[in-house]
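# Secondary and tertiary structure notes
So the chains spell out like this:
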Amino acid sequence: MIDHVQDLASLREATERLVSALDGLDDHDGSVVTAPSRLPGWSRGHVLAHLARNADALVNVLEGRPMYPSAQAREADIERGAPRPLAEQLTDLRESAEHFFAAAAAPADWTRTVELRGGVTDVAARVPFRRLVEVELHHVDLGIGYELEDLPAGFTANEIGFLAERFTGNPDVPALRLEATGGGRWSSGRAEGDPLTVTGSAADLLGWLAGRRDGAGLEAGGVKLPVLPSL
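First, a word on scope: everything that follows refers to the structure included in this document. Please read all numbers here as calculations on a predicted model, not as lab measurements. (Residues numbered from 1 in each chain as written. Predicted model: local features only at pLDDT ≥ 70, side-chain atom pairs only at ≥ 80, totals over all residues. Heavy atoms only, no water.)

### Remarks on the overall build of the protein chain
As a reminder of what qualifies: Going along the chain from the N terminus, every DSSP run of H or I of four or more residues is numbered as a helix, and every run of E of two or more is numbered as a strand. C-alpha atoms define the radius of gyration, and 2.2 Å times the number of residues to the power 0.38 defines the globule rule. To sort residues, take the accessible area from a 1.4 Å probe on protein chains only and compare it with the maximum for the residue type: under 20% means buried, over 50% means exposed, and anything in between is partly exposed. Whether two residues are in contact is decided by their heavy atoms, any of which lying within 4.5 Å being enough.
If you tally the helices and strands in the protein chain, you get 8 helices and 5 strands. Counting from the amino terminus, helix and strand elements in the protein chain follow one another as α-α-α-α-α-β-β-α-α-β-β-β-α. Against the 2.2 N^0.38 benchmark of 17 Å for 231 residues, the protein chain shows a C-alpha radius of gyration of 18 Å, consistent with a compact globule. For the protein chain, the proportion of its 231 residues judged to be buried stands at 48%. Sequence separation of at least 24 residues holds for 56% of the intrachain contacts in the protein chain that already meet a minimum separation of 6.

As structure tokens, this is what we get:
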């Protein structure tokens, strides 16, 4: 069930958690920004620049403008912002986040359909959750001590459900039954065929579905896990 009010509250907490973690790092030599992130080809600076520009892009979505002018402009903005010192990155992250919260606070029809990147559409009420996903998962991607196991349990369950839904009906994904050892069950993949039951911790299930882990911590009855399409 979509609850944009609760998601906005969770987003503010996640944003403050991220900013606080970054603010507590010693960056006297600039290595916090220049060090590699866990995303191939991206430094931590790339991740931070992306997070700030994503907030701006989702303001565009809420206000009825294209999310990004173009794919090239998106990439150029990230490359341009990546080398900035940590203090400048933090200022940008805080200010862009507040711009998003201000846009989300404006009176609006949250049931309306909005257009995201690549022509993807969604209900406006899910935009705060999509931003929450960006903040939480990229906090993990920074590799600064925040892991998938540290994510709030409610967020992890909601994101597993969201990703399971995205793969539902995908002809390249076999029928799946996902079971978290701490509780929680989801179905995904093709509708036909006997489902493959995949069990493990919620963190490992999320990591596999989100492309952050290879599934080594999951059990599928001796069957090799399928390779999931890129999100």
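Let us keep going from here.
### As for the layout of surface pockets
Filter applied, for reference: Only protein atoms enter the 1 Å grid used here, on which a cavity is any set of points holding a 1.4 Å probe that cannot leave and a pocket is any open set flanked by protein within 12 Å on both sides along at least five of seven lines; residues with an atom within 4 Å of a point are listed as lining. Grid points are joined across faces, edges and corners, and a volume is the space filled by probe spheres set on the points. Lys, Arg, Asp and Glu make up the charged group, whereas Ala, Val, Leu, Ile, Met, Phe, Trp, Tyr, Cys and Pro make up the nonpolar group; the residues left over, Gly among them, are polar.
By volume, the largest pocket is sized at about 1200 Å³. Together, 37 residues line the largest pocket, and R117, E134, R166, R212 and L231 are the ones closest to its centre. When residues in the lining of the largest pocket are grouped by element, the largest group, 5 residues, is from helix α6 (residues 127-141). Tallied by class, the residues present in the lining of the largest pocket amount to 21 nonpolar, 6 polar and 10 charged. Counted as a void, the second largest pocket has a volume near 440 Å³. Residue lining of the second largest pocket: 20 residues in total, with M1, D7, F129, G154 and N158 positioned closest to the centre. At 7 residues, the largest contribution of residues to the lining of the second largest pocket is made by helix α7 (residues 153-167).

### Quick look at the nonpolar core
What counts is decided by this rule: We define a nonpolar core as any set of buried Ala, Val, Leu, Ile, Met, Phe, Trp, Tyr and Cys residues linked to one another through side-chain atoms lying within 4.5 Å.
Membership of the largest hydrophobic core comes to 67 residues, with the highest contact counts inside it found for F100, L178, V198 and W208. The element that contributes the greatest number of residues to this core is helix α3 (residues 44-62), accounting for 9 residues. Those residues within four positions of V198 in sequence are excluded, and the remaining contacts are L176, R177, L178, E179, L205, W208, L218, E219, A220 and L225.

### Comments concerning the packing of α6 against α7
The cut-off we apply is this: For helices, the fitted axis covers only the stretch in contact; all axes are lines through C-alpha atoms, and the angles between them, taken along N-to-C directions, range from 0 to 180 degrees. Comment on the angle field: the value is read as roughly parallel under 35 degrees, roughly antiparallel over 145, roughly perpendicular from 65 to 115, and oblique elsewhere. Crossings are classed by handedness, with left-handed meaning an anticlockwise turn of the near helix from the far one by less than a right angle and right-handed meaning a clockwise turn.
With their axes 11 Å apart at the nearest point, α6 and α7 run at an angle of 115 degrees to one another. By the angle class used here, α6 and α7 are roughly perpendicular. Relative to α7, the crossing made by α6 is left-handed. Counted together, F129, R130, L132, V133, E136 and L137 of α6 and F155, N158, E159 and F162 of α7 form the full contact between these two elements.

### Overview of the pattern of salt bridges
Selection rule: Each reported salt bridge corresponds to a side-chain nitrogen of Lys or Arg within 4 Å of a carboxyl oxygen of Asp or Glu.
Evaluation of the coordinates by the stated rule reveals 16 salt bridges. Here R38 and E147 are joined by a salt bridge, their closest N and O atoms 2.8 Å apart. A residue pair is termed long-range when its members are at least 10 positions apart, and R38 in the loop between α2 (31-34) and α3 and E147 in the loop between α6 and α7 qualify at 109 residues. Each of R53, D56, R84 and D92 takes part in one network of salt bridges that share partners.

### Re the pairing of strand β3 (residues 176-180)
We apply this condition: Pairs of strands are assigned from DSSP output, requiring at least two bridges between the strands.
Only one face of β3 is buried, namely the one carrying L176, L178 and A180, since none of R177 and E179 on the opposite face is buried. Sheet topology places β3 next to strand β4 (residues 185-188); 4 bridges connect them, and they run antiparallel. By the bridge assignment for β4, L178 is matched with W186. Hairpin remark: β3 followed by β4, antiparallel, with 4 residues in the connecting loop; positive phi at G183, about 115 degrees. Direction of pairing for β3 relative to strand β5 (residues 196-200): parallel, over a ladder of 5 bridges. Considered in β5, the bridge of R177 is made with T197.

### Considering the packing of aromatic side chains
For any pair of aromatic rings, geometry is given as the distance between the ring centres together with the angle between the planes. What counts is decided by this rule: Whether two aromatic rings pair depends on their centres lying within 6.5 Å, for rings of Phe, Tyr and Trp, where Trp uses its six-membered ring; planes under 30 degrees apart make the pair stacked, over 60 edge-to-face, and the rest tilted. Sitting over a ring, as applied to charges here, requires NZ of Lys or CZ of Arg to be within 6 Å of the ring centre and within 35 degrees of the ring normal.
Within this structure, the stated rule accounts for 3 aromatic pairs. With 6.1 Å between their ring centres and 70 degrees between their planes, F100 and F101 make a pair best called edge-to-face. Both residues of the pair, F100 and F101, count as buried. With 6.0 Å between their ring centres and 40 degrees between their planes, F129 and F155 make a pair best called tilted. Of this pair, F129 sits in helix α6 while F155 sits in helix α7, and the two are 26 residues apart along the sequence. Of the two residues, F129 and F155, both sit in the buried class. Taken together, the aromatic side chains of F129, F155 and F162 make up a single cluster linked through ring pairs. One residue, R12, lies across the ring of F101, its end atom 3.9 Å from the ring centre. A cation over a ring is seen here: R74 above Y68, with NZ or CZ 5.6 Å from the ring centre.

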